[in-house]
Each structure stands twice: as C-alpha cells, then as structure tokens.
Amino acid sequence: MYFPAYRPRRLRKNETLRRMVRETKVSADDFIYPLFVTHGRRVRKEIRSMPGIAQLSIDLAVKEAKEVFQLGVPAVILFGIPKRKDLRGSEAYARSGIIQQAIRAIKDKIPELAVITDVCLCEYTSHGHCGMVIQGQVDNDATLKLLAKMSLSHAEAGADIVAPSDMMDGRVQAIREALDQSGFEDIPIMSYAAKHASGFYGPFREAAESTPQFGDRRSYQMDPANAREAMREVWLDVQEGADIIMVKPALPYLDIIRAVREEFNIPVGAYNVSGEYAMIKAAAQRGWLEEERVMMEVLTAIKRAGADLILTYFAKDAARLLGRQ
Ligand code: PBG
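Note that the coordinates shown come from a computational prediction; the quantities given were computed from them, not determined experimentally.

### Observations concerning a positive patch on the surface
Among the surface-exposed residues, Arg7, Arg9, Arg10, Arg12 and Lys13 lie close enough to one another that they form a single positively charged patch. Summarising the element assignment, Arg9 is placed in the segment before helix H1 (15-21).

Structure follows, in structure tokens:
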C-alpha cells in the first residue's frame, strides 16, 4: 500500500489521534533523581554549571526527597560530599559517613521512596580517582574490597539498591558476595555496566567535587568509540549478578542503549548525565532552545532507544510537566 492509498499524515491530524498511536510514553515512574548530599545544616550550595541543582545538607535533602516522591518519582540516587578526603576514601564506608546518615534520614521520613546509592570512591579519595591508587596506578583488586565494604555499609544504613559506578573489573561479584554474606541477598545491584570516559561528566565533577587530581579515568572507564566492548561489559555484569544494568552517558550513546536492550532481558537504565543537562539549560537561558520541549524530546528519545529507567536531573521538572498534561 502506498500513496495515495496510504497517507501517514491521516494519523497526525490532531492531538487525539497522535495520542492514540504514540509509541513511546515517558512517565514519572521511569525517573531516578540524583541528589548531592553535604555536611552541615540548612546548606544549599548551587552548582554553577547545573542550574537548579545544588549540594544539600541532609535536612534539605530530606525535603527535596519528599518533593520528588510527591511528584510521583519513585527513586533518588545519592552522591556524597565528605568532610575529609583521604587516600583510602574512608568516609565512603564509615557508619557516620554523609551517605549513611542521609540514607537513614530519608528512609525514616519517606520509607516508600527507593534510595539508591552511588558506589564509587572518587568523591572520597584525596586524589579523586575511583579506586585505590598504588604506585601511581588505580589498583583493581585492592579497590574491590573497599567497594564491597562501601556497599555493605549502605545496605546496613537502609539503602534499597546499590549502584557501583567505578568500572573496576569484578566489582559486581565482589559486592554481591559481600551483601549475601551479611544477609542482604535481597538488595539489588544496579551496575553502571557500560560507562564511557566522557567529557559530559564535567559539571558533575563540580557538583561532587570529584575531579581527578592527576591523569584521567581512561584506564577504567570505557573508550567512547567502543560499542562491542559495551556488550562484553554488560554481559560480565549480568554474569556476576547485576539486577539492573546501566548505559552512561545516554544521549550520545543511544545506539548502545538499543543494542543492550535487544541482547539482554534485564532492566536497562540510562544516565542522562550532567553535561547533557547543562547543554539544554545553557541554550534555554539564552533563548536558543525551548527548554521543556527539548527536555521531553530527549527523555522520550532515551526511552525509545530502550531504557526502562532514566537517571536525570530533569526528573522533577519533567514529572511536574507530565502531571499538568
Ligand atoms: C562517579 C560518577 C560520575 C558520574 C556518576 N558517578 C563521574 C565520573 O565518573 O567522573 C557522572 C554523572 C553525571 O555526569 O551526571 N564515578
């Protein structure tokens, strides 16, 4: 059937018809909202390169989490800014660490909100790398023990899901074993499985104060050019026991989201990262883009590519907009 018998425009005639044949629908259920938690009380430290996002002390993070939940967003992911950084990232797995305190405070006030924790040492180490540095190198196996310890301390504080983002080999297995040995066999792992060494993390490093003090992350994060390797990374994490796998960043890696979706029957997350957010905010501030429209277009594209969950700084704005429609 072809023109004039078939006219695709017939079903685009008005919003009702378009609504009926729409293939991809984004909902607040899909979102995970990142929160940056810092020490102190009534602290709200805006992130210059991420308008609308701030480091929050626990009291304000709890308020924010409540708002997120009321907007229909089911989960937050927490990043912590420690009081002190050291070579072993000690605060990452301290019972009194910023994240451990934040988890307890949020779960106490909003028990139904899923609290996911980012498991990585970069915010906590003095050198800013995601693992233990031994003789100038990020040591894989020494790091695994610390990541397992960190995950366990998050679970003990009441985290619902742990999300390792360090990209060390074998971390999912190490974390799974540590959780299982301590009676946390029901805590899921959402692994940042295909995480690329990306320039789009720039604003996040300001937000989390986690810029590496020497070198870069290319010896552990993936080369942006590699898609087949992304499949091996995902396969490994699935074998090691990941419950949800993630592709990161999202927008420049839609092909990888799609490929992972087709190959694996496991929930797929995508991280719409800080740089993707900053670009839209910056262009919108200058009047160069319509913010709400491109925000929804991007989130729809990520879902259309195959993501089930979207980690996004737009979660609140998008949920609010969806609530109005
Ligand atoms: C920690 C981590 C990073 C992000 C999430 N977890 C930064 C990095 O790897 O340098 C980036 C998130 C974003 O840019 O929004 N390893």
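Next comes the rest of the write-up.
### Observations concerning the state of the cysteines
Across all of its chains, the model carries zero disulfides by this definition. With no disulfide of its own, Cys120 lies closest to Cys130 among cysteine sulfurs, the gap being 3.5 Å.

### Some details on the site of the ligand
Taken together, 18 residues form the shell around the ligand, and within it Lys195, Arg205, Lys248, Ser274 and Tyr313 come nearest. Contact distances for the ligand include 3.5 Å between a nitrogen atom and a side-chain N or O atom of Asp118. In this structure, an oxygen atom belonging to the ligand sits 2.7 Å away from a side-chain N or O atom of Ser274. Within the complex, the protein chains bury 100% of what would otherwise be the 400 Å² of accessible surface of the ligand. A majority-of-atoms criterion places the ligand in the largest cavity. Counted by class, the shell around the ligand contains ten nonpolar, three polar and five charged residues.

### Topic: the packing of helix H2 (residues 58-70) against helix H3 (residues 98-109)
Contact geometry for H2 and H3: axes closest at 10 Å, N-to-C directions at 45°. Relative to H3, H2 is oriented oblique. Crossing angle aside, the handedness with which H2 passes H3 is right-handed. Taken together, the residues of H3 that come into contact with H2 (itself represented by Ile58, Val62 and Ala65) are Ile98, Gln101, Ala102, Ala105, Ile106 and Lys109. Class assignment of the residues belonging to the contact of H2 with H3 gives a composition of seven nonpolar, one polar and one charged.

### Quick word on the nonpolar core
Within the largest apolar cluster, 112 residues are counted, with the highest numbers of intra-cluster contacts made by Leu78 and Met190. Beyond its immediate sequence surroundings of up to four residues, Leu78 is in contact with Leu35, Val37, Ile99, Ala102, Ile103, Ile106, Val115, Ile116, Thr117 and Asp118.

### Comments concerning the side chain of Thr143
Turning to its location among the elements, Thr143 is positioned in helix H4 (residues 140-157). Setting aside residues no more than four positions away along its own chain, Thr143 makes contact with Leu121, Cys130, Gly131, Met132 and Met168.

What counts as what
Residues numbered from 1 in each chain as written. Predicted model: local features only at pLDDT ≥ 70, side-chain atom pairs only at ≥ 80, totals over all residues. Heavy atoms only, no water. Patch = residues over 30% accessible without salt bridge, like charges linked within 9 Å, V, L, I, M, F, W, Y side chains within 5 Å. Areas by Shrake-Rupley, 256 points an atom, 1.4 Å probe, with all protein chains shown as cover. Salt bridge = Lys/Arg side-chain N within 4 Å of Asp/Glu carboxyl O. Lys, Arg positive; Asp, Glu negative; His and termini not counted. Charge placed at Lys NZ, Arg CZ, Asp CG, Glu CD. Helix = DSSP H or I, 4+ residues; strand = E, 2+ residues; numbered from the N terminus. Disulfide = S-S within 2.5 Å. Near = heavy atom within 4 Å. Polar contact = N/O pair within 3.5 Å; in protein donor to acceptor, adjacent residues only side chain to side chain. 1 Å grid on protein atoms, 1.4 Å probe; cavity = no way out; pocket = protein on both sides within 12 Å on 5 of 7 lines; lining within 4 Å. Sits in = over half its atoms within 2 Å of the grid points. Nonpolar A, V, L, I, M, F, W, Y, C, P; charged D, E, K, R; others polar. Axes fitted to C-alpha atoms, helices over the stretch in contact; angles between N-to-C directions. Parallel < 35°, antiparallel > 145°, perpendicular 65-115°, else oblique. Left-handed = near helix turned anticlockwise from the far one by under 90°. Contact = heavy atoms within 4.5 Å. Core = buried A, V, L, I, M, F, W, Y, C linked by side-chain atoms within 4.5 Å. Buried < 20%, exposed > 50% of the residue type's maximum accessible area, 1.4 Å probe, protein only.

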